[in-house]
Structure formats: structure tokens, C-alpha cells
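Spelled out, the chains give:
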Amino acid sequence: AVVSTQSTGDYAGEILFDGYVRPIQPVTDYRTRWSGIKPKHLTSATPMVEARKLILRHLKGKYLVGHDLQNDFQALNFKPHPALVKDTSKCIALRHLAGLDVKRKPSLRLLTRLIRGKDIQSASHCSIEDARAAMALFKAAEDNWEDQTNPFLDDSYWAHLT
């Protein structure tokens, strides 16, 4: 996995880091149609080693909200404590709010459309838009987050043992 854009924001939606990141390995497919990234964007991009330091400075010890974060963590070679990760792709409460099957992992775009009534990623991905959409979804389910993302906390999970 390669990170080529990164946006990090806080609870209020203020952006703490945003920029193109030049990966260590050569890019073989920019996936411009989906990413919006072209070779020119990476010529003056922050080198991965430097970007990783800047990004991790903001992330360490903080709650991390985002959508389908495992690829981002892998690209950053970062293993946060699971209790600090609030991944909207895994939140059952959001699937309930959206009226979706709880067994299927929904896209950020679909959750945002169904829960917030907003269309995102209409042309290509914008990492700032994605970060703010994930935070808005987190806020929509924040009060029920812990009970809905951990099946072990639901009595029905253990019902077959009684």
C-alpha cells in the first residue's frame, strides 16, 4: 500500500496536515481516475519518511477516526492501540442508521449519502472531504459507538451459551 495524499483533522474539522506524500517506491499506477493524483503532484510532495514523522506526531495517543483505516495504517507502518481506532467502515451503528445490512461493509460515499444526505467523491477522492465525512459519521453514531462496534458487548452474542 502506498499513501500519496494524507489529510489529518481534529474533532472540529480543522485540518492539521494535508498534502501529497512521495512514496519510497516508484508509483506504477496513479489511479488518477479515482485518486485525482497525477505525476506532477508528487514532484514537490513531502517525502514519505518526513511525512510519516509529521503525521505520527499528530496521531500518537489520540483517537483516530476514519474509514477503512487498515490500509492507511499499513502504509504508515503504524499500529495504533485498537481502543483508539474509530473506523466508520466497521461501525454497526452506522449501518443501522443507514438502513443497510449489518454484514456488508459500506463505502464512505454510501454511508455519507444515506446518513448525512450529502454526495462526496463525485469526481475523484479528496482526502480532506473524506476525513470530514468520516468525522461527521462518527459524530452521528458517537453515543452508541462502543456498544455497536464490539459484538462481545452485546448480550445476543453470548445467548447461545446459556
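Because the structure is a prediction, the values reported are computed rather than measured.

A. Looking closely at helix H7 (residues 127-141). Given a rise of 1.5 Å per residue, 15 residues ought to cover 21 Å, and the 21 Å separating the end C-alpha atoms of H7 matches this to within 8%. Of all the positions in H7, only Ser 127, Asp 130, Ala 133, Ala 134, Met 135, Ala 136, Leu 137, Phe 138 and Ala 141 are classed as buried.

B. Examining unusual backbone geometry more closely. Of note in this structure, Arg 31 is not a glycine but carries a positive phi near 50°. Structurally, Arg 31 can be placed in the loop between strand S2 (15-22) and helix H1 (32-35).

C. The sheet that holds strand S3 (residues 46-47), seen in detail. Reading across from one edge, S1-S2-S3 is the order of the 3 strands in this open sheet, with mixed pairing throughout. The sheet is open, and its two edges are formed by strand S1 (5-9) and S3, each paired on a single side. Note: S2 against S3, 2 bridges, orientation parallel. Residue pairing across strands places Val 21 opposite Thr 46, the latter belonging to S3. Sheet strands in contact with helix H3 (residues 48-59) are S1, S2 and S3, and its direction is about 160° off that of S2. Helix-sheet contacts for H7 involve S1 and S2, and the interaxial angle to S1 is about 35°.

D. Main features of the packing of helix H6 (residues 108-116) against H7. Where H6 meets H7, the closest approach of the two axes is 10 Å, and the angle between their N-to-C directions is 50°. Between H6 and H7, the angle falls in the class oblique. Relative to H7, H6 is oriented so that their crossing is left-handed. Residues Leu 108, Leu 111, Thr 112, Ile 115 and Arg 116 of H6 touch H7, and the partners they reach there are Asp 130, Ala 133, Ala 134, Ala 136, Leu 137 and Ala 140. Grouping the constituent residues of the contact of H6 with H7 by class yields 8 nonpolar, 1 polar and 2 charged.

E. Focus on the confidence of the model for the protein chain. For the protein chain, the average pLDDT comes to 86, and 88% of its residues sit at 70 or higher. Across the protein chain, the element-wise mean pLDDT spans from 58 in helix H9 (residues 155-158) up to 96 in H6.

F. Expanded view of the environment of Ser 127. Relative to the elements of secondary structure, Ser 127 occurs in helix H7. Beyond its immediate stretch of four places on either side in the chain, Ser 127 contacts Thr 5, Gln 6, Ser 7 and Asp 18. Of the polar contacts made by the side chain of Ser 127, one reaches the side chain of Ser 7; its length is 2.5 Å.

G. Region of the structure containing the pattern of salt bridges. Inspection of every chain in the model, using the stated rule, returns 2 salt bridges. Across the pair Lys 105 and Asp 68 runs a salt bridge whose closest N-O atoms are separated by 3.0 Å. Highlighted residues: Lys 105 in the loop between helix H5 (92-98) and H6 and Asp 68 in the loop between strand S4 (64-66) and helix H4 (70-76), separated in sequence by 37 residues. A relative accessible area of 22% places Asp 68 in the partly exposed class. With its nearest N and O atoms 3.3 Å apart, the salt bridge here joins Arg 113 to Asp 119. Judged by relative accessible area, Asp 119 falls into the exposed class, the value being 58%.

About the criteria used
Every chain begins its residue count from 1, and numbering advances along the sequence as written. A pLDDT threshold of at least 70 governs which residues receive local features in this predicted model, and a stricter bar of 80 or more applies before side-chain atom pairs are shown or counted, although totals over entire chains, interfaces and linings include all residues. The side-chain figures draw on all heavy atoms in the structure; neither hydrogens nor water molecules are used. Put simply, DSSP marks the helices as runs of H or I at least four residues long and the strands as runs of E at least two long, and each gets a number from the N terminus on. To estimate the expected span of a helix, count its residues, drop one, and scale the result by 1.5 Å. Classification of residues uses two cut-offs on accessible area relative to the type maximum, computed with a 1.4 Å probe and protein chains only: under 20% is buried, over 50% is exposed, and between them is partly exposed. What makes two strands pair is DSSP finding at least two bridges between them. Note on contacts: a residue pair qualifies if any of its non-hydrogen atoms lie within 4.5 Å across the two residues. All axes here are fitted lines through C-alpha atoms, helices being fitted over the stretch that makes contact, and every angle between N-to-C directions spans 0 to 180 degrees. Throughout, the term roughly parallel applies to angles under 35 degrees, roughly antiparallel to angles over 145, roughly perpendicular to angles from 65 to 115, and oblique to all others. Working rule for handedness: look at the near helix, and if it is turned counterclockwise from the far one by less than a right angle, call the crossing left-handed; if clockwise, right-handed. Just so you know the grouping, Ala, Val, Leu, Ile, Met, Phe, Trp, Tyr, Cys and Pro go in nonpolar, Asp, Glu, Lys and Arg go in charged, and all remaining residues, Gly too, go in polar. Confidence of the predictor in every single residue is expressed as pLDDT, which spans 0 to 100. Side-chain atoms alone can form a polar contact between residues adjacent in sequence; in general such a contact is a pair of N or O atoms within 3.5 Å, and within protein one must be able to donate a hydrogen while the other accepts it. Each salt bridge in this description consists of a side-chain nitrogen of Lys or Arg and a carboxyl oxygen of Asp or Glu lying within 4 Å of one another.

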